[in-house]
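Topology and contacts: notes
Chain by chain, the residues:
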2 protein chains.
Amino acid sequence: MGRAEIQNSEIRCTMVYKMRAVIPYKKPNAKSRLSSVLELHEREEFVEFMLKDVVTAISKGGIEAIDIITTSAGSVVDDIEANVIVNELGLNEALNGYLKIVNEPVLIVMADLPLMTPLHIKEITASDKDVVIVPGKGGGTNVLFIRDPTSFYVKYYDSSFLSHCDIAREKSQSFEVYDSFLVSTDIDEPHDLVELLLHGQGLSKSYIQKRFGIEVSKGRVKLQPHQKFNSKIGEMVE
Amino acid sequence: MGRAEIQNSEIRCTMVYKMRAVIPYKKPNAKSRLSSVLELHEREEFVEFMLKDVVTAISKGGIEAIDIITTSAGSVVDDIEANVIVNELGLNEALNGYLKIVNEPVLIVMADLPLMTPLHIKEITASDKDVVIVPGKGGGTNVLFIRDPTSFYVKYYDSSFLSHCDIAREKSQSFEVYDSFLVSTDIDEPHDLVELLLHGQGLSKSYIQKRFGIEVSKGRVKLQPHQKFNSKIGEMVE
């Protein structure tokens, strides 16, 4: 009986602590490259909705332990089911510190991926490789799965996609590149909002859909503000 | 014995004529949105290399019958293993005419997808749905698989992704959206060449790699011309 208890306990530990996800997140003055179409308070609301959509995708994708690393304590609203870690260091320093203290496989997910679905999370974490790199547009890394955090480190900014491929080789980690248009689409610029309207669902799409439609002009699809939307009160007006 | 012969013949027909691919292609003054970085003769050479890469991916992906629809007879070089169909009509008229005369499932593939691989072709055509739509950036349709050409029509330009979803519903065809960053990346603008340098292989990557590198500036990856490249002679000079 004693032995059976130990076995059950082992199984339980394996189930509960099998993997962690971590999301770097910054709210104050977020997404300045959207400032031509969204005011400051709207951008700050919008990144919060994106964060919620990302947490939902991760959670429904089967990862229970979710950490949000942020530079200021009050940035993350209470109704998000995740642990909040305040760390004032830069992105790479904060994440590399995090990788040193966790024992489980880690999925690093950027906070601006509202097109990501639970199926993406399941497929990425089902890989038999040591590392999975999901590229973003323009050489970025949008999601990074690291099976053994002690055998890897991150280097975001610049061409992080190439850096992470190089680090995997340097550390003799097998790796694969996961190919997804939806996960490659991080929302940085106004034309990215077009992709959200075309392919999205969830809270962040609803937020943008209230403010913009899409318009076709000269064969290209563009963002078109609803003329009757009042951004101060967040509603359509007569 | 007679019966066995008929069966073999049936099997052979099924194998050989199981599917066709068609690529709309235009060479004269191609890719004008790349004119800030490539001269006219370079753009026309480049689209030819992209066409060759696309034909290779389709062919290695298991489709033997490949048709290229083009507006002028001399546009397609002889060393491409594909049938050339000259049609001076517009893209939609030409393709819808084509769909009326073929009997097999059809894969419509844009000619500017050098990041597409044979595996993509295999996965797209392995779908059990009537129609598979592969979106491009900004609402486009980069690849379209149509199992029954008599039960579908195409509507490119504008937001063709939404149009093709609507047409599938209108015609009661089951459909799925195939999610790929690499196939979503059609090469239209200079920043798309960065994706080709980062993620590509094949002839079109080699062509661009001779002329450009990538440079990281203010956290973004940009195209950087090799200073010693002479575009007139197509070589590096001292």
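If you're wondering where the values come from, they're calculated on a predicted model, not measured in any experiment.

Comments concerning the sheet that holds strand β6 (residues 141–146) of chain B
Residues and elements named next belong to chain B.
- Here seven strands make up an open sheet; going across it, the order is β3-β2-β1-β4-β6-β5-β7 and the pairing mixed. Either end of the sheet is taken by a strand with one partner, and the two such strands are β3 (83–86) and β7 (175–177). Each strand of the sheet is rotated relative to its neighbour by a mean of 20°, with strand direction disregarded.
- The pairing of strand β2 (residues 65–70) with β3 spans four bridges and is classified as parallel. Counterpart to Asp67 in the pairing with β3 is Asn83.
- Running at roughly 160° to strand β1 (residues 20–25), helix α3 (residues 91–101) makes contact with β1, β2, β3, β4 (106–109) and β6 of the sheet.

Some thoughts on the sheet that holds strand β5 (residues 131–135) of chain A
Residues and elements named next belong to chain A.
- Spatially, the seven strands line up as an open sheet ordered β3-β2-β1-β4-β6-β5-β7, and their pairing is mixed. Looking at which strands have only one partner, the edges of the open sheet turn out to be β3 (83–86) and β7 (175–177). For this sheet, the mean inter-axis angle between neighbouring strands, taken without regard to orientation, is 20°.
- Across five bridges, β5 lies against strand β6 (residues 141–146) in antiparallel orientation. Bridge pairing links Val132 to Phe145 in β6.
- Its contacts with the sheet place helix α2 (residues 40–60) against β1 (20–25), β2 (65–70) and β4 (106–109), and it is angled at close to 170° to β1.

Some thoughts on the domain arrangement of chain A
Residue and element names in this part refer to chain A.
- Domain annotation of chain A identifies domain 1 (5–184) and domain 2 (190–237).
- Centre-to-centre, using C-alpha coordinates, domain 1 lies 26 Å away from domain 2.
- Both sides of the domain 1 and domain 2 interface together cover about 1,500 Å² of buried area, and 66% of this is carbon and sulfur.
- For Asp192, the salt bridge identified is with Lys137, shortest N-O distance 3.3 Å.
- Viewed at the interface, domain 2 and domain 1 are joined by six residue pairs in polar contact (both at pLDDT 80 or more).
- Of all the secondary structure elements, the ones that give two or more residues to the side of domain 1 that touches domain 2 are α2 and α6 (181–184).
- In terms of residue count, α2 provides more of the side of domain 1 that touches domain 2 than any other element does, eight residues in total.
- In terms of residue class, the side of domain 1 that touches domain 2 is made up of 10 nonpolar, two polar and seven charged.

Looking at the relation of the copies chain A and chain B
- It takes a turn of 180° to lay chain A on chain B, together with a shift of 0.0 Å along the axis; the resulting RMSD is 0.0 Å. Taken together, the rotation and translation relating the two chain copies correspond to the operation of a two-fold axis. Taking C-alpha positions as the reference, the residue of chain A nearest the rotation axis is Phe181 of chain A, at 1.8 Å.
- A high fraction, 100%, of the interface residues of chain A reappear at the interface in chain B, so the copies pair face to face through one surface.

Notes on the packing of helix α7 (residues 190–199) of chain B against helix α8 (residues 203–211) of chain B
Residue and element names in this part refer to chain B.
- Interaxial distance between α7 and α8 falls to 9 Å at its minimum, and their mutual angle equals 110°. The orientation of α7 with respect to α8, classified from their angle, is roughly perpendicular. Note that α7 runs across α8; the crossing there is left-handed. Contact residues: Leu193, Leu196 and Leu197 in α7; Ser204, Lys205, Ile208 and Gln209 in α8.
- Its residues assigned to classes, the contact of α7 with α8 shows four nonpolar, two polar and one charged.

Describing the side chain of Ser75 of chain A
Residues and elements named next belong to chain A.
- Mapped onto the elements, Ser75 comes out in the loop between β2 and β3.
- Reaching out from Ser75, the side chain makes a polar contact with the side chain of Ser72 at a distance of 2.6 Å.
- Leave out the neighbours within four places in its chain, and Ser75 touches Tyr25, Lys27, Pro28, Glu48 and Thr70.

Observations regarding the interface of chain A and chain B
- Contacts between the two partners involve 25 residues from chain A, matched on the other side by 25 residues from chain B.
- Across the chain A to chain B interface the summed buried area is about 2,000 Å²; carbon plus sulfur atoms make up 60%.
- Among the residues of chain A in contact with chain B, Asp179, Phe181 and Leu198 of chain A are the three that bury the most area, contributing 27% of the side total.
- Viewed at the interface, chain B and chain A are joined by zero salt bridges.
- Linking chain A with chain B are 10 residue pairs in polar contact (both at pLDDT 80 or more).
- Elements with a minimum of two residues in the side of chain A that touches chain B: α5 (160–170), α6, α7 (190–199), β8 (212–217) and β9 (220–225) of chain A.
- Within the side of chain A that touches chain B, the residues separate by chemical class into nine nonpolar, nine polar and seven charged.

Criteria and cut-off values
Residues numbered from 1 in each chain as written. Chains lettered and ligands numbered in written order. Predicted model: local features only at pLDDT ≥ 70, side-chain atom pairs only at ≥ 80, totals over all residues. Heavy atoms only, no water. Pairing = 2+ DSSP bridges. Helix = DSSP H or I, 4+ residues; strand = E, 2+ residues; numbered from the N terminus. Axes fitted to C-alpha atoms, helices over the stretch in contact; angles between N-to-C directions. Contact = heavy atoms within 4.5 Å. Domains from an automatic or database assignment. Buried area = accessible area lost by both parts, 1.4 Å probe. Salt bridge = Lys/Arg side-chain N within 4 Å of Asp/Glu carboxyl O. Polar contact = N/O pair within 3.5 Å; in protein donor to acceptor, adjacent residues only side chain to side chain. Nonpolar A, V, L, I, M, F, W, Y, C, P; charged D, E, K, R; others polar. Least-squares fit on C-alpha atoms with pLDDT ≥ 70 in both. Parallel < 35°, antiparallel > 145°, perpendicular 65-115°, else oblique. Left-handed = near helix turned anticlockwise from the far one by under 90°.

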